[in-house]
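Chain by chain, the residues:
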Amino acid sequence: MTSYLRALRLVNFRNYPDDTVLLGPGLNVVVGDNAQGKTNLLEAISFAVTGSSTRTANDAEVVRWKQDFARVEARVSFDDSSDERKVAVGYAPGQKKRLTVDGASAASLANYSAGGAGVRAVTFFPDDIRIVKGSPSDRREFLDGLLSTLKPSYARAVSEYAKAVQQRNQLLRRIRDGFSSERTLWTWDRKVIELGEEVLRGRQAAIGPLEHYFESSLRALYGSEKAAIRYSYSATLDGYAETLRGAHSSDIDRGTTSVGPHRDDFEVLLGGVNLTTFGSQGQQRLATLALKFAARDHIRGETGEDPILLFDDVMSELDERRRDFLSGYFLESTQAVITTTNLEYFDAEVLGRARVIRISGGAVVDTTSGSVSARELSSQKKA
Ligand SMILES: Nc1ncnc2c1ncn2[C@@H]1O[C@H](COP(=O)(O)OP(=O)(O)O)[C@@H](O)[C@H]1O
Ligand SMILES: [Mg+2]
């Protein structure tokens, strides 16, 4: 089963007052000048299929200024059926977010984003280069985000684990300051270990396939040098409980939990060189793309379904050979929505097979499919 978005309506979302965007399978190119709403449109699509913004943890930011709610509605098509699914996410600051699938409330945000909406997405925003370039927490967030779209229980384990570690840290400080005994720590450790093991198990199972996909994606994008991902454990699954307990006294001294998946990282290597430390900007960018392609392959491998691709301004910093490669990649995907300021990044032949959506000032001004534009079509009908 493969699904994609047929249409998206944005109401008071960022700079869109109320507009509907029609999307096709395969490549959709969103074109417009700077600050017209291209990135906002991709954010809205991902908001509709995951229930959250990729750009901010503060939902209030997506609400159009001076308005009191934002809403996105999407129609999801399935290639093996003529049924459509209508999904919607509504948010009014101060109220609980409303997620619905065919009018019925979704069981939870975790369920909705892990396939409940009927479609999954892999996004690329220019800032995502921090996955390769940035801190360990950026890389963990990438892994956890990917695993959460595959399994709602993983998303819950990650967030409960983070809370448990916070509470353990508070307890460590109370023990250090003489307000609690070390015995209480053993009780907390059990909870931390149980959740931490679930997180570790998830990551451990994913890293092998991800590395395999990453290697072949980076080879296609970059060249023949051997690429690799190497997960670095603060404690392996087997030795986790023992290592955590072995760190009791130093954890109490520092008032913080030094062992567990919240301290792990993974190295991104090209030709044996760590790209986080030594990569050029270009290598880091291509490695980020390869990680996103690997995420897509992994989702497909695990679910049998191809996620849609939402890639923001990905062509601008690439050379022609790589732009051609990406054009082909997107054309052959179930659905890709790609933003650009410049249509010349795409061959005429590619554009002929794509849907081109022109954006200006928070509105769709024109949609061209194949070589005939919607506007031309409607003027032909009138004539
Ligand atoms: N909550 C909001 N309400 C209204 N306008 C917003 C909101 N958030 C961002 N914008 C505006 O959206 C515009 C840019 O949108 P964006 O999608 O980033 O443009 P681009 O086409 O360059 O990707 C900016 O002018 C910004 O001020
Ligand atoms: Mg933009």
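Keep in mind the model is a prediction, meaning the values are calculated, not measured.

Basis of the calculations
- Residues numbered from 1 in each chain as written.
- Chains lettered and ligands numbered in written order.
- Predicted model: local features only at pLDDT ≥ 70, side-chain atom pairs only at ≥ 80, totals over all residues.
- Heavy atoms only, no water.
- Near = heavy atom within 4 Å.
- Polar contact = N/O pair within 3.5 Å; in protein donor to acceptor, adjacent residues only side chain to side chain.
- Nonpolar A, V, L, I, M, F, W, Y, C, P; charged D, E, K, R; others polar.
- UniProt positions renumbered as here; feature names shortened; annotations may be inferred.
- Helix = DSSP H or I, 4+ residues; strand = E, 2+ residues; numbered from the N terminus.
- Buried < 20%, exposed > 50% of the residue type's maximum accessible area, 1.4 Å probe, protein only.
- Contact = heavy atoms within 4.5 Å.
- 1 Å grid on protein atoms, 1.4 Å probe; cavity = no way out; pocket = protein on both sides within 12 Å on 5 of 7 lines; lining within 4 Å.
- Points joined across faces, edges and corners; volume = space filled by probe spheres on them.
- Domains from an automatic or database assignment.
- Axes fitted to C-alpha atoms, helices over the stretch in contact; angles between N-to-C directions.
- Parallel < 35°, antiparallel > 145°, perpendicular 65-115°, else oblique.
- Left-handed = near helix turned anticlockwise from the far one by under 90°.
- Expected span 1.5 Å × (residues − 1).
- Buried area = accessible area lost by both parts, 1.4 Å probe.
- Salt bridge = Lys/Arg side-chain N within 4 Å of Asp/Glu carboxyl O.

This part covers the site of ligand 1. Around ligand 1, a shell composed of 15 residues is seen, among which A35, K38, T39, N40 and V63 lie nearest. The separation between a nitrogen atom of ligand 1 and a polar main-chain atom of R14 is 3.2 Å. Within the shell around ligand 1, the residues separate by chemical class into three nonpolar, six polar and six charged.

Once that is clear, we can look at the UniProt feature "binding site: ATP" (unreviewed entry) in the chain. In the numbering adopted here, UniProt assigns the feature "binding site: ATP" (unreviewed entry) to G32, D33, N34, A35, Q36, G37, K38 and T39. Within the secondary structure, N34 is located in the loop between β3 (26-31) and α1 (38-50). Overall, the relative accessible area of 62% leaves N34 in the exposed class. Topologically, K38 is positioned in helix α1. In this view, K38 contacts Y16, V30, V31, G32, D33, T339, T340, T341 and I359; residues no more than four positions away in its chain are not counted.

Here the focus is the layout of surface pockets. Taken as a whole, the largest pocket holds about 1300 Å³ of empty space. Around the largest pocket sit 38 residues that line it, and S53, T54, E141, G145 and L146 are the ones nearest its centre. Among the elements of the structure, α1, α2 (109-116), β8 (121-124), α3 (130-133), α4 (136-150), α5 (152-176) and α10 (281-303) are those that each provide at least two residues to the lining of the largest pocket. With 10 residues, the top contributor of residues to the lining of the largest pocket is α4. By residue class, the composition of the lining of the largest pocket is 13 nonpolar, 13 polar and 12 charged. In this structure, the lining of the largest pocket is formed jointly by two domains, domain 1 (1-120 + 305-383) and domain 2 (127-304), each of which donates at least three residues. For the lining of the second largest pocket, the secondary-structure elements that each account for two or more residues are α4, α5, α6 (183-221) and α10. In terms of residues, the lining of the second largest pocket owes the most to one element, α6, which gives five residues. Residues belonging to the lining of the second largest pocket are distributed by class as follows: five nonpolar, four polar and four charged.

Taken as a whole, this structure holds one cavity of 30 Å³ or more when the rule is applied. Approximately 40 Å³ is the volume attributed to the largest cavity. Forming the walls of the largest cavity are S3, V119, R120, I299, T303, E305, D306 and P307. Of the residues belonging to the lining of the largest cavity, the class tally is three nonpolar, two polar and three charged.

What follows deals with the packing of α6 against α10. Viewed as axis vectors pointing N to C, α6 and α10 meet at an angle of 130°, and their least axial separation amounts to 8 Å. Between α6 and α10, the angle is such that the two are oblique. Of the two elements, α6 crosses α10, and the hand of that crossing is right-handed. Two secondary-structure elements touch here, α6 through A206, P209, L210, Y213, F214, S217, L218 and L221 and α10 through L286, A287, L289, A290, L291, F293, A294, A295, D297, H298 and G301. When its residues are assigned to classes, the contact of α6 with α10 shows 15 nonpolar, three polar and one charged.

Since the α-helix advances by 3.6 residues per turn, residues separated by three or four positions end up pointing in the same direction. The first and last C-alpha atoms of α10 sit 33 Å apart over 23 residues, in line with the 33 Å expected at 1.5 Å per residue. Remark: G304 follows α10 within two positions and exhibits a positive phi of approximately 75°.

What follows is about the UniProt feature "domain: RecF/RecN/SMC N-terminal" (unreviewed entry) in the chain. Sites flagged by UniProt as "domain: RecF/RecN/SMC N-terminal" (unreviewed entry) map to residues 4-346. Its end C-alpha atoms 22 Å apart, residues 4-346 is made of 46% helix and 22% strand.

For the chain, the assigned domains read domain 1 (1-120 + 305-383) and domain 2 (127-304). Each side of the interface is counted separately: domain 1 has 25 residues, and domain 2 has 20 residues. Both faces combined, the contact of domain 1 with domain 2 buries some 1900 Å², and carbon together with sulfur accounts for 57% of it. When the buried area of domain 1 at its contact with domain 2 is split by residue, R120, E305 and Y329 rank highest and sum to 27% of it. Between the two partners, domain 1 and domain 2, sit three salt bridges. With a shortest N-O distance of 4.0 Å, E317 and R285 are connected by a salt bridge. Of all the secondary-structure elements, those providing two or more residues to the side of domain 1 that touches domain 2 are α2, β12 (308-311) and α11 (320-331). In terms of residue class, the side of domain 1 that touches domain 2 is built from 11 nonpolar, seven polar and seven charged.

What follows deals with the side chain of N12. Here N12 is to be found in strand β1 (residues 3-13). Once residues within four sequence positions are removed from consideration, N12 is found in contact with P17, V62, V63, R64, Q67, F69 and A70.

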